[in-house]
Amino acid sequence: MKSFENQTETSPIPTQSQTAFAVQTQTAASAQTKTQNQTEQDRSQASEMVTDRTNVKPKEQANELLFLTPIFHEKIWGGRDLETNFGYTVPDGPVGECWAISAHPNGDCIIANGPYKGMRLSEVWKKASQLFVNPQGAESVSTEELALQHQKEPFPLLVKIIDAHEKLSIQVHPDDAYAAKHENGSLGKRECWYILAAEPGSTIIVGQKTHSKEEFQRLMEAGAWHEILNEIPLAAGDFFQIDPGTVHAIKGGTMVLETQQSSDVTYRLYDYDRVDAEGKKRPLHIQQSLETIDFAAPIPTTAHPDLSKPGLHLLEKNETYTVYHLSLSEADSEKNAFVVHNEHPFLCLSVIEGEGIMTAKEETVAIKKGDHFICPGLVEELSFSGAMQLIISHP
Ligand code: ZN
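Residue positions are counted from 1 within each chain, in the order its sequence is given. Only residues with pLDDT of at least 70 are given local features in this predicted model, and only at 80 or more are side-chain atom pairs given and counted; all residues enter the totals for whole chains, interfaces and linings. Side-chain measures here rest on the full set of heavy atoms in the structure, leaving out hydrogens and waters.

Asks: Run through the overall build of the protein chain, naming residues and quoting values.
Replies: Helix numbering and strand numbering both begin at the N terminus, where a helix is a DSSP run of H or I of at least 4 residues and a strand a DSSP run of E of at least 2. In terms of regular secondary structure, the protein chain is built from 10 helices and 24 strands. Across the 395 residues in the protein chain, those meeting the buried criterion constitute 56%. Expressed as a percentage of contacts within the protein chain between residues at least 6 apart in sequence, the contacts between residues at least 24 apart total 76%. Accessible areas in this description were obtained via Shrake-Rupley with a 1.4 Å probe; residue shielding takes into account the shown protein chains only. Just so you have it, the protein chain exposes about 17,000 Å², and 48% of that area is on carbon and sulfur atoms. Buried means the residue's accessible area, taken with a 1.4 Å probe over protein chains only, is under 20% of the maximum for its type, while exposed means over 50%, and partly exposed covers the values in between. In this analysis, two residues are considered to be in contact whenever any of their non-hydrogen atoms come within 4.5 Å of each other.

Laid out in structure tokens, this is it:
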């Protein structure tokens, strides 16, 4: 096994071009093959890492990883599935969003374990920036430079679980340039959805069918939303990439794991004339929406990734984030733990199904559905055993 003892605080930061784990831009199918080969090579190492099942710690006692306490947001369209399906203790009323991994000021998660317990993620990002240095990186950056960089550039990703009991507004998000100019220097919002659950017959709105602002506006004013919107069926396990400028709406009866930029800028086009408990409508942002919609963009497609085989499946890779689905079966991981190599400043991990154990730097921790954690760059390897599914992302 590799030694991590010699890592100094001036270790390099990986660049965007670094490879992701053992796999990079393959399709889910080829990534699977590569990953299996990788697992073969790592066999001795892996079995060495998972021998001690008697020493499994609860996550509260873990020291190497940052487990986060989710933050819940009431929404007009929310439900109770975050309690009934995921087992969270949630506030009363319609709860729409669980901000599971977030350092955004509108929901800055608290660390639940280890030396940083009680701190907000944004604080750890700024004050313990050396945690997010991966020794695999090529460039050397001093601790001071890195701290300064983290002051200026916030933690870039946000992971949410959405319980859409009712439909969300028809909306669009700006890109980085528009948000920086019009939204106080905020990041834009690129997002993607892994569908956790969908009632039979559910649909989703992704993209719009007009070709110009004028055409869009004319149909919108006529209330002809069905002529504008691209509405398609969906099922659990589907995956959608939503670029800035894409009109979209999650509809009722759907649960989604969303990986997105750390941004809370939404422009609402239409909210079905709904009112809240006080009888108030939520504001619309027609002007900003019309300036933001990308009328030339092709309609996004659904991905139906084949996740039936165990292993790591690439769901999406773009300039902002890379997202994987990791699927493990008990039978498979009994023989060998599944090893994920980290070559990034950090990984965001969410257990979306099942339970198991995970080893990071000699420390073995029990994890289960509903757990969300960050693997800092300093932790170069994670090994997993159990019957579970995770969504994993990195910048
Ligand atoms: Zn959105």
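Still to come is the rest of the account.
Asks: Now, about the pattern of salt bridges: what can you tell me, with residues and values included?
Replies: Counted as salt bridges are all cases of a side-chain nitrogen of Lys or Arg within 4 Å of a carboxyl oxygen of Asp or Glu. On inspection of all chains with the given rule, the structure shows 13 salt bridges. As a salt-bridge pair, lysine 59 and aspartate 371 come within 2.6 Å of each other at their nearest N and O atoms. Residue lysine 59 is located in the loop between helix 2 (43-49) and strand 2 (66-69), and its partner aspartate 371 is located in the loop between strand 22 (363-368) and strand 23 (372-376); the two are separated by 312 residues in the primary sequence. In this structure lysine 59 comes out as partly exposed when scored by relative accessible area, which is 22%. Given the relative accessible area of 4%, aspartate 371 is considered buried. One continuous salt-bridge network, built from bridges that share partners, spans Glu97, Lys160 and Glu258.

Asks: Describe the environment of leucine 148, and please don't skip the residues or the numbers.
Replies: Relative to the helices and strands, leucine 148 resides in helix 5 (residues 143-152). For leucine 148, a relative accessible area of 54% gives the class exposed. As a C-alpha pair, leucine 148 and lysine 127 span 21 residues in sequence and 9.9 Å in three-dimensional space.

Asks: If you had to explain the coordination of the zinc ion to someone new, which residues and values would you point to?
Replies: The coordination sphere of the zinc ion, as far as protein atoms go, consists of Gln171 (OE1), His173 (NE2), Glu191 (OE), Glu191 (OE) and His248 (NE2), spread over 2.1 to 2.8 Å. The motif formed by the donor residues of the zinc ion, counted along the single chain, is Q-x1-H-x17-E-x56-H. Taken as a pair, glutamate 191 in strand 11 (residues 191-198) and histidine 248 in strand 15 (residues 248-250) lie far apart in primary sequence, 57 residues in all. On the accessibility criterion, glutamate 191 (2% relative accessible area) is buried. A relative accessible area of 2% places histidine 248 in the buried class. Metal donors: N, O and S atoms at distances within 2.8 Å, or within 3.2 Å for Na, K and Ca, with water omitted from the atom set so that some sites may seem incomplete.

Asks: Please give an account of the pairing of strand 16 (residues 254-261) that cites residues and values.
Replies: Burial analysis of strand 16 places 8 of its 8 residues in the buried class, the great majority of the element. Relative to strand 16, strand 9 (residues 157-164) runs antiparallel, the two being bridged by 8 bridges. By the bridge assignment for strand 16, leucine 157 is matched with glutamine 261. By the bridge criterion, 7 bridges tie strand 11 to strand 16 in an arrangement that is antiparallel. Bridged to cysteine 192 within strand 16 is threonine 259. At least two bridges found by DSSP between two strands are what make those strands a pair.

Asks: Explain the environment of threonine 69 to me, and be specific about the residues and the numbers.
Replies: The residue threonine 69 is located in strand 2 in this model. For threonine 69, a relative accessible area of 37% translates into the label partly exposed. Distance in space between the C-alpha atoms of threonine 69 and alanine 112 is 5.9 Å, their sequence separation being 43 residues. Ignoring any residue separated from it by four or fewer positions in sequence, one finds threonine 69 in contact with Cys109, Ile110 and Ala112.

Asks: So what about the packing of aromatic side chains? Which residues, and what values?
Replies: Between rings of Phe, Tyr and Trp, where Trp is taken as its six-membered ring, a pair exists when centres lie within 6.5 Å; planes separated by under 30 degrees are stacked, by over 60 edge-to-face, and by other angles tilted. Counted under the stated rule, the structure contains 14 aromatic pairs. Ring geometry for phenylalanine 86 and tyrosine 88: centres 5.9 Å apart, planes at 10°, overall stacked. Here tyrosine 88 falls in the buried class, since its relative accessible area comes to 11%. Look at phenylalanine 216 and tryptophan 225: their rings are 6.3 Å apart centre to centre, the planes differ by 80°, and that puts the pair in the edge-to-face class. A single burial state applies to phenylalanine 216 and to tryptophan 225, both of which are buried.

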